[in-house]
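Remarks on the overall topology
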Amino acid sequence: AHAELNAIMQNYLYMGELSRMTQFKDKSSKMEQNAIGLGLFAYPVLMASDILLYGADIIPVGADQVQHVELTRDLVHRFNNRYGDVLIMPKAETPKVGARIMSLSDPSKKMSKSDPKGDIFLKDDLNVIRKKIMSAVTDMDANVYYDVENKPGISNLLSIYAATKGISLEEAESTFKGMTRYGDFKKAVADAVVEELSAFQERYKYIKENKLYVEALRKGAKRANEISQITLKRVKKAV
């Protein structure tokens, strides 16, 4: 169903639109022209199909993914204008805190799996996570407050702390007001992240050891297929 919908949707987005996508521009700028594959260029259509196939209306995304949802909205508007009320219009929703987490090793760039020293994986050893945060790039100011332009490293750690604790940036700043030892600040951030991921990893371990995920995946695939077939039939009938 996904492959069929993706093939149909490719007819309603254009070369110029796809070439302006931020991720395509960033990645392709580092490649030779003859090495840029169709998969990289057309990936936003694949993502749009992921959203549309299951009738999703609210799409939780980080700040860097809002552009993809906006492209999907353009596609829905264009398709529905031609065929009627066929596809559900999605809307991006970003969290108030932590919408864009930056690299621990270079806070001018977003956290990415291509930067092993600057990223945190959900299944990382907890000691590794703690070490990465304690080694995070900061500055020489020795004051903890949120200022992305002048204190990107500290601001990133404050975002991580606030998001993990479920509090606002203002509350996070207040927590560390007057603190002048970055080591103590980083330890508090590391403690918060480790506490959050420790519970996650315990749950993951339990599910994996008891093989509960097998049945969950089976049920999920069955339900996903049912929903996707309804959408695909509606689209094919309209076309």
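Residues numbered from 1 in each chain as written. Predicted model: local features only at pLDDT ≥ 70, side-chain atom pairs only at ≥ 80, totals over all residues. Heavy atoms only, no water.

**Considering the overall build of the protein chain**
- Across its full length, the protein chain carries ten helices and two strands.
- Reading the protein chain from its N terminus to its C terminus gives the helix and strand order α-α-α-α-β-α-β-α-α-α-α-α.
- Along the longest, intermediate and shortest principal axes, the C-alpha atoms of the protein chain span 65 × 45 × 35 Å.
- Out of the 239 residues belonging to the protein chain, those deemed buried represent 32%.
- A separation threshold of at least 6 residues defines the contact pool for the protein chain, and within that pool the share at least 24 residues apart is 64%.
- Put simply, the protein chain shows about 14700 Å² of open surface, and 53% of that area lies on carbon and sulfur atoms. (Helix = DSSP H or I, 4+ residues; strand = E, 2+ residues; numbered from the N terminus. Buried < 20%, exposed > 50% of the residue type's maximum accessible area, 1.4 Å probe, protein only. Contact = heavy atoms within 4.5 Å. Areas by Shrake-Rupley, 256 points an atom, 1.4 Å probe, with all protein chains shown as cover.)

**Remarks on helix α6 (residues 126-134)**
- Within α6, the full set of buried residues consists of Ile129, Lys132 and Ile133. Relative to the axis of α6, the buried residues are bounded by an arc of 95 degrees and lie together on one face. For α6, exposure combined with an orientation more than 90 degrees from the buried face picks out Asn127 and Lys131.
- Where α6 begins, one side-chain oxygen reaches toward the backbone nitrogen of asparagine 127, 2.8 Å away; that side chain belongs to aspartate 125. (Arc of directions from axis to C-beta. Polar contact = N/O pair within 3.5 Å; in protein donor to acceptor, adjacent residues only side chain to side chain.)

**Details of empty space enclosed by the protein**
- For the structure on display, the rule yields one cavity of 30 Å³ or more.
- Roughly 40 Å³ of internal volume is contained in the largest cavity.
- For the largest cavity, the full set of lining residues is Leu52, Gly55, Ala56, Leu87, Ile88, Thr231 and Arg234.
- Residue composition of the lining of the largest cavity, grouped by class: four nonpolar, two polar and one charged. (1 Å grid on protein atoms, 1.4 Å probe; cavity = no way out; pocket = protein on both sides within 12 Å on 5 of 7 lines; lining within 4 Å. Points joined across faces, edges and corners; volume = space filled by probe spheres on them. Nonpolar A, V, L, I, M, F, W, Y, C, P; charged D, E, K, R; others polar.)

**Things to note about the packing of helix α1 (residues 2-9) against helix α4 (residues 38-53)**
- Relative orientation of the contacting elements α1 and α4 amounts to 120 degrees, with a least axis distance of 9 Å. Judged by the angle between their axes, α1 and α4 are oblique. Considering only the axes of α1 and α4, their crossing is right-handed. Where α1 abuts α4, its residues His2, Leu5, Asn6 and Met9 lie against Val45, Leu46, Ser49, Asp50, Leu52 and Leu53.
- For the contact of α1 with α4, a count of residues per class yields six nonpolar, three polar and one charged. (Axes fitted to C-alpha atoms, helices over the stretch in contact; angles between N-to-C directions. Parallel < 35°, antiparallel > 145°, perpendicular 65-115°, else oblique. Left-handed = near helix turned anticlockwise from the far one by under 90°.)

**Here's the deal with the environment of lysine 123**
- Along the chain, the position of lysine 123 falls in the loop between β2 (91-93) and α6.
- Overall, the relative accessible area of 54% leaves lysine 123 in the exposed class.
- Sequence-wise, lysine 123 and phenylalanine 200 are 77 residues apart; in three dimensions their C-alpha atoms are separated by 8.6 Å.
- The residues contacting lysine 123, other than those within four sequence positions of it, are Gln201 and Tyr204.

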